[in-house]
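Coordinates in review
Given next are the chains, with one letter for each unit.
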Amino acid sequence: MRIAIVFDSWEGTESYPGENAEASAPPRRGRKKKPPLTDRQAIAKALTELGHEPFEIPVDGKPSTLTKIARENADLFFNLTESYAGDDTKEMHFAAFLDLVGKKYTGAGPDASYLAMEKSVAKKIMRFHEIDTPSSAVIYKGQIEHFQDIKFPLIVKPASEDASKGIDAKSVVDSIKDLMERIEYIHDEFDAPALIEEYIDGREIYAAVLGNDKAEALPLIELDLSKLPDDTPRIAGYDVKFDVNTEAYKVTKSAPAHDLDDETVETIHNIALETWRALKFRDYGRVDCRLTKEGKVYVLEANPNPWLDPSAEFFMAAKESGRSYTDMIREIVEGAVARYR
């Protein structure tokens, strides 16, 4: 098959965390470090090994590019876009565009992309399905859109952003004063409602799911936050995930959670699959959880089309299940193709 790999392309975007920081850093003496393989390069390599003909189409926000995509007769589009013209809230719009022009593509449809972005709506759906998620409230410029009884400490974040944008050490608050200041920051910086949640102290566990009708929960991955400074809240903020120049990034790492007992693993897997179905995910996705000392599991959020970089948590889980990177890509492609038959 001819498979078009579509991905975001605009000023400031990074193919991997720290790419821009490396480009702006002064040159170093000695052997130049080889940049890591990007997700789309790894996917193209895997597709070639599977006998397909991959090629790239950068999605740059230009109408002419949308026209090109509409006219392109590729057998499948491997959709890696997470925004449109730098606007994260338009991820769902690009998926909807592919639907409108009749293109077959991998990953989430516009409905799942919307639910993942609008965290407050996703949380309501989770609660309807009796999936535990932190109690929360949503407020925008003095208007309360949604409210539950909540208690300090709280974490405050944008209600409609992804990739941990707007989340840092100051996001966790334990006083009214700090809460009001953080709400104002979210409104000013993102012009978005603030999602206020009860802060759940516990282990950060990621449950990857692969498939569709017979979706499989893969081995669990933990983002180890234990080495963060004592005065820093244990949260996966933007600095932890993406800012390679910070100490927080350097002292945190993800690895398979081998020390969990079978009952806990089964519980998290079942919750991940319930969340997967409730939020209309397909092909592949990741459900982010908190596991408390008492063994209770809370779903923090769910991520359709998570990062498929060879170093990322999704492939860590796939590898732990015995799959190679090529195996993982094959299953994603086969699942997408089967959906359109």
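Note that the structure is a prediction, hence the values are computed from the model and not measured.

1. Things to note about the overall build of the protein chain
A count of helices and strands for the protein chain gives 12 helices and 14 strands. What you see for the protein chain is a C-alpha radius of gyration of 20 Å, in line with the 20 Å of a compact globule of 341 residues. Seen through its principal axes, the protein chain has C-alpha atoms that stretch 55 × 50 × 45 Å. Split into buried and exposed, the 341 residues of the protein chain put 50% on the buried side. Sequence separation of 24 or more characterises 67% of the internal contacts of the protein chain that already satisfy a separation of 6 or more. Entry remark: accessible area of the protein chain is about 17,200 Å², with carbon and sulfur atoms responsible for 49%.

2. A look at helix α7 (residues 176–190)
Under the 1.5 Å per step criterion, the end-to-end length of α7 is 21 Å for 15 residues, consistent within 8% with the ideal 21 Å. Of the positions making up α7, those classed as buried are Leu179, Arg182, Ile183, Ile186 and His187. Taken end-on, α7 shows its buried residues confined to a sector of 135 degrees, consistent with a single buried face. Opposite its buried face, α7 presents the exposed residues Lys177, Asp188 and Glu189, each directed more than 90 degrees away. The inward-facing, buried residues of α7 abut β4 (136–140), β6 (154–158), β7 (172–173) and β8 (194–198).

3. Some words on the environment of Glu263
In this structure, Glu263 sits in helix α10 (residues 262–278). In this structure Glu263 comes out as exposed when scored by relative accessible area, which is 61%. Separated by 104 residues in the primary sequence, Glu263 and Ala159 have C-alpha atoms spaced 33 Å apart.

4. Observations regarding the nonpolar core
Ile43, Phe78, Leu308, Tyr325, Met328 and Ile329 are the most contacted members of the largest nonpolar core, which totals 34 residues. Of all the elements in the fold, those that place two or more residues in this core are β1 (2–8), α2 (39–49), β3 (76–79), β9 (203–211), β11 (221–224), α11 (313–320) and α12 (325–339). Residue contributions to this core peak at 6 residues, all from α12. Residues within four places of Leu308 in sequence aside, it is in contact with Asp39, Ile43, Phe78, Tyr284, Phe314, Tyr325, Met328, Ile329 and Ile332.

5. Observations concerning the side chain of Glu313
Checked against the element boundaries, Glu313 lands in helix α11. Setting aside its immediate chain neighbours within four residues, Glu313 contacts Tyr206, Ile221, Ser254 and Arg286.

6. Brief notes about helix α6 (residues 119–128)
Buried residues of α6: Lys119, Ser120, Ala122, Lys123 and Met126, and no others. Considered in projection along α6, the buried side chains sweep an arc of 160 degrees and stay on one side of the axis. Looking one or two places after α6, you find Glu130, whose phi comes out positive at around 60 degrees.

7. Focus on a negative patch on the surface
On the surface, a cluster of negative charge is made up of Asp261, Asp262, Glu263 and Glu266. Secondary-structure assignment places Glu266 in helix α10.

8. Things to note about the packing of aromatic side chains
Taken as a whole, this structure holds 5 aromatic pairs when the rule is applied. An angle of 70 degrees between the planes, with centres 5.8 Å apart, marks the rings of Trp276 and Phe281 as edge-to-face. Residue Trp276 shares its accessibility class with Phe281, and that shared class is buried. Ring centres 5.7 Å apart and planes at 70 degrees place the aromatic pair Tyr284 and Phe314 in the edge-to-face group. Remark: Phe314 occurs in helix α11 and Tyr284 occurs in strand β13 (residues 283–291); sequence separation between them is 30 residues.

9. Quick look at the sheet that holds strand β2 (residues 53–59)
Spatial ordering of the open sheet is given by β2-β1-β3, a layout of 3 strands whose pairing is parallel. Only two strands of the sheet have a single neighbouring strand rather than two, namely β2 and β3. Across the sheet, the mean angle separating the axes of adjacent strands is 30 degrees when strand polarity is ignored. Pairing geometry for β1 and β3, over 4 bridges, is parallel. Residue pairing in the sheet places Ile5 in a bridge with Phe78 of β3.

Rules of the game
- Residues numbered from 1 in each chain as written.
- Predicted model: local features only at pLDDT ≥ 70, side-chain atom pairs only at ≥ 80, totals over all residues.
- Heavy atoms only, no water.
- Helix = DSSP H or I, 4+ residues; strand = E, 2+ residues; numbered from the N terminus.
- Rg over C-alpha atoms; globule rule 2.2 N^0.38 Å.
- Buried < 20%, exposed > 50% of the residue type's maximum accessible area, 1.4 Å probe, protein only.
- Contact = heavy atoms within 4.5 Å.
- Areas by Shrake-Rupley, 256 points an atom, 1.4 Å probe, with all protein chains shown as cover.
- Expected span 1.5 Å × (residues − 1).
- Arc of directions from axis to C-beta.
- Core = buried A, V, L, I, M, F, W, Y, C linked by side-chain atoms within 4.5 Å.
- Patch = residues over 30% accessible without salt bridge, like charges linked within 9 Å, V, L, I, M, F, W, Y side chains within 5 Å.
- Salt bridge = Lys/Arg side-chain N within 4 Å of Asp/Glu carboxyl O.
- Lys, Arg positive; Asp, Glu negative; His and termini not counted.
- Charge placed at Lys NZ, Arg CZ, Asp CG, Glu CD.
- Phe/Tyr/Trp six-rings, centres within 6.5 Å; stacked < 30°, edge-to-face > 60°.
- Pairing = 2+ DSSP bridges.
- Axes fitted to C-alpha atoms, helices over the stretch in contact; angles between N-to-C directions.

Read these as layout, nothing more, since geometry by itself doesn't imply function.
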